[in-house]
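# Per-entry structural report
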Amino acid sequence: MAVFYSGVALFLLLTLVAGLWRVLQGPTPADRMLAAQLFGTTAVACLLLLAQAFGRPHLRDVALVFALLAAVTAVAFVRRTWTVREEDDAAD
Amino acid sequence: MQLTDFLTLLLLLAGAGFFLAGTVGLLRFPDVYTRLHALTKADNVGLGLVVAGLVLQAESWAAMGKLLLIWLLVLLASASVAHLVARTALQKGIRPWKR
Amino acid sequence: MVLQWLFDGVLVLTLLWLAWRALRSPDLFTAIVLFIAFGLVMALAWVRLQAPDVALAEAAIGAGLTGALLLAALARLNVLADSTNDDQTAGTENE
Amino acid sequence: MTSVKIKICWSSIISRLGLFALIWWILTDGAAPSWWIGVPAVLLAVITSAALIPPVSLVWYEFLRFVPFFLVRSLTGGVDVAWRAFHPGMAIAPDLITYPLRLPPGLPRVFMANTVSLLPGTLSVELGSNFLQVHVLDARKEFLPELEKVEQGVARIFGASLKDSKGGECNAAI
């Protein structure tokens, strides 16, 4: 079974790498950020699988931290970097 | 091979399929909103299936609970983030792609 | 065994490529997102190296907090204020 | 201390105590010695949440009934979006629709917006004062029955009627 877990984890890592294309491509900042969000979910699944493959349950805590912090980065992006500013509205 | 192992195998494979679908959607869909659809649904279902597969192998009730907690957290985070991003995108004047 | 080698190989190549792109990217925002992705993959690498505590720190500090701080700093730099108009045209270009 | 009158809702305190204790137990893998720190931490969390979040009345039976509906529908949503992603011609016809909300404001509406995002083909965009703007993946399908079903389910969970927006009796609160 351990081999199988590693295999699925490798597959997930490959989908993560494929998603990098969207980070480079954009076109809007939101698209890049979404790709990062997707990486977070994929990494959580990957970590859970590795935890099972190595028989190291404590790796799940790393996945938990990922799950908690994925939202922090995305919210920082929306509220700080990408918010609608008053001057933008005036310029439109 | 036991029945639980077989079920885990099936669930993990299905989960991996949904992750692939999420990435394909992210790469192929035409605008932010449709990509958000791919992200929030395909990925959460993918993670849900992976978690379900691993829950069958969990060594204790607490480990099972932790796996489910992780899934719930990701679910909540991605639903809120999807809503935030979609709302801001609309306020910024990004028009939804139309056929 | 082969799987583990493959996994490590993909990890290393992705890390190097991400680091290079993050440094070379002309767009600061792209560089930050690449940095966040770098943090995620780095945490996976620490896990592979059997160092879950370092992975925990990397996940919390590298991918989470530093990413958020960099994004906030970029907002202060106001770089995006100039490029918002480009965003909108880029968003409609797709049609 | 301040003269703000705080209504203590015991059922909400007790259910939160149970919830946070359960989370602590999960996080520590049920390690017995950890409760030396766990008990103060859980108590602090209960006090903080009581100060920050007013009691919310939940109908547990309805919530449990909502879970399988949600799971099945979100699985359908995953299959639906996966099929569209792999489809060579990309069978999508996205559009924005506005759904008039009848739920009471606050948590029920947020809960509904988040649920809608996870159901097939819908993504909540804007949560207005009395409407929910939804981005749909395929406007050729009929979405209103599904949205109405979700709204009714959410209303039952929070024990609110859809006509008048008065609820929040403190009987089975969390």
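Computed from a prediction, not measured in an experiment: that's the story for all the values here.

What counts as what
Residues numbered from 1 in each chain as written. Chains lettered and ligands numbered in written order. Predicted model: local features only at pLDDT ≥ 70, side-chain atom pairs only at ≥ 80, totals over all residues. Heavy atoms only, no water. Axes fitted to C-alpha atoms, helices over the stretch in contact; angles between N-to-C directions. Helix = DSSP H or I, 4+ residues; strand = E, 2+ residues; numbered from the N terminus. Parallel < 35°, antiparallel > 145°, perpendicular 65-115°, else oblique. Left-handed = near helix turned anticlockwise from the far one by under 90°. Contact = heavy atoms within 4.5 Å. Nonpolar A, V, L, I, M, F, W, Y, C, P; charged D, E, K, R; others polar. Expected span 1.5 Å × (residues − 1). Buried < 20%, exposed > 50% of the residue type's maximum accessible area, 1.4 Å probe, protein only. Arc of directions from axis to C-beta. Salt bridge = Lys/Arg side-chain N within 4 Å of Asp/Glu carboxyl O. Buried area = accessible area lost by both parts, 1.4 Å probe. Polar contact = N/O pair within 3.5 Å; in protein donor to acceptor, adjacent residues only side chain to side chain. Core = buried A, V, L, I, M, F, W, Y, C linked by side-chain atoms within 4.5 Å. pLDDT = per-residue confidence, 0-100. Patch = residues over 30% accessible without salt bridge, like charges linked within 9 Å, V, L, I, M, F, W, Y side chains within 5 Å. Areas by Shrake-Rupley, 256 points an atom, 1.4 Å probe, with all protein chains shown as cover. Pairing = 2+ DSSP bridges.

All right, on to the packing of helix H4 (residues 107–118) of chain D against helix H5 (residues 144–157) of chain D then. Residue and element names in this part refer to chain D. For the pair H4 and H5, the least separation of the axes is 10 Å and the interaxial angle reads 140 degrees. As the angle between them shows, H4 and H5 are arranged oblique. When you trace H4 past H5, the crossing you get is right-handed. On the side of H4, the interface is formed by Pro108, Phe111, Met112, Thr115 and Val116, while H5 contributes Leu147, Val150, Glu151, Val154 and Ile157. Taken together, the residues of the contact of H4 with H5 break down into eight nonpolar, one polar and one charged.

Below, the discussion takes up helix H1 (residues 10–27) of chain D. Relative to the 26 Å expected for 18 residues at 1.5 Å per residue, H1 of chain D spans 26 Å between its end C-alpha atoms, a close match to the ideal helical length. Of all the positions in H1 of chain D, only Ser12, Arg16, Trp24 and Ile26 of chain D are classed as buried. Looking straight down H1 of chain D, one finds its buried side chains confined to an arc of 160 degrees; they lie on one side. For H1 of chain D, the exposed residues lying more than 90 degrees away from the buried face are Trp10 and Ile14 of chain D. Among the structural elements, helix H3 (61–91) of chain B together with helix H2 (35–52) of chain D are those in contact with the buried residues of H1 of chain D. Residue Asp29 of chain D follows H1 of chain D closely and has a positive phi angle near 55 degrees.

A few words on the pattern of salt bridges. Pairing of side chains with opposite charge becomes possible as their charged atoms draw close. Inspection of the entire model under this criterion finds 11 salt bridges over all chains. Here Asp27 of chain C ties to Arg32 of chain A by a salt bridge, and the two come within 4.0 Å at their closest N and O atoms. One end of the pair, Asp27 of chain C, is in the loop between helix H1 (2–24) and helix H2 (28–48); the other, Arg32 of chain A, is in helix H2 (residues 29–54), on a second chain. Taking relative accessible area as the criterion, Arg32 of chain A reaches 11% and is therefore assigned buried. For Arg73 of chain D, the salt bridge is made with Glu146 of chain D, and the minimal N-O distance between the two is 2.8 Å. Note that Arg73 of chain D is positioned in helix H3 (residues 60–86) and Glu146 of chain D in helix H5, a separation of 73 residues in sequence. Among the residues examined, Arg73 of chain D registers a relative accessible area of 24% and is labelled partly exposed.

Let us now look at the interface of chain A and chain B. Contact residues are listed per partner, giving 42 residues for chain A and 42 residues for chain B. Summing both partners gives a buried area of about 3,800 Å² for chain A against chain B, and 78% of it is carried by carbon and sulfur. It is Leu34, Arg60 and Trp82 of chain A in chain A that bury the most area against chain B; as a group they hold 16% of the surface buried on that side. Along the contact surface separating chain A from chain B lie three salt bridges. Note that Asp61 of chain A is salt-bridged to Lys66 of chain B, the shortest N-O span being 2.6 Å. Our count for the contact surface shared by chain A and chain B stands at five residue pairs in polar contact (both at pLDDT 80 or more). Only helix H1 (2–25), H2 and helix H3 (59–81) of chain A provide two or more residues apiece to the side of chain A that touches chain B.

Let's shift gears to the nonpolar core. Among the nonpolar cores identified, the biggest contains 118 residues, and Leu49 and Phe66 of chain A together with Met112 of chain D are the most heavily contacted of them. The biggest single contributor to this core is H2 of chain A, with 17 residues. Those residues in contact with Met112 of chain D that lie beyond four places of it in its chain are Tyr99, Leu101, Leu103, Leu132, Leu147, Val150, Glu151 and Val154 of chain D. In this structure, Val24 and Trp97 of chain B together with Met90 and Ile92 of chain D belong to the second largest nonpolar core, which totals 10 residues.

In this section: the confidence of the model for chain B. Do not read the fine detail of predicted coordinates wherever pLDDT is low. When pLDDT is averaged along chain B, the result is 86, and 98% of the positions lie at 70 or above. Looking across chain B, the model is least confident in H3 of chain B, with a mean pLDDT of 87, and most confident in helix H1 (residues 3–28) of chain B, with 89.

Taken together, Leu3, Phe6, Leu7, Leu10 and Leu56 of chain B make up a surface patch of nonpolar side chains, about 470 Å² in accessible area. For Phe6 of chain B, a relative accessible area of 42% corresponds to the partly exposed category.

With that settled, consider unusual backbone geometry. Although it is not a glycine, Gln50 of chain C adopts a positive phi angle of roughly 60 degrees. With respect to the helices, strands and loops of the structure, Gln50 of chain C is situated in the loop between H2 and helix H3 (52–77).

It is worth spelling out the sheet that holds strand E2 (residues 122–127) of chain D at this point. A sheet is described by the order of its strands in space; here three strands give the open sequence E1-E3-E2 (chain D), paired in antiparallel fashion. In this open sheet, the two strands that pair with only one neighbour each are strand E1 (95–100) and E2 of chain D. Here the average twist between neighbouring strands, direction ignored, is 30 degrees. Where helix H2 (residues 32–55) of chain B meets the sheet, it contacts E2 and strand E3 (131–136) of chain D, and its direction lies at approximately 115 degrees from that of E2 of chain D. Running over the sheet, H3 of chain B touches E1, E2 and E3 of chain D and is turned about 60 degrees from E2 of chain D.

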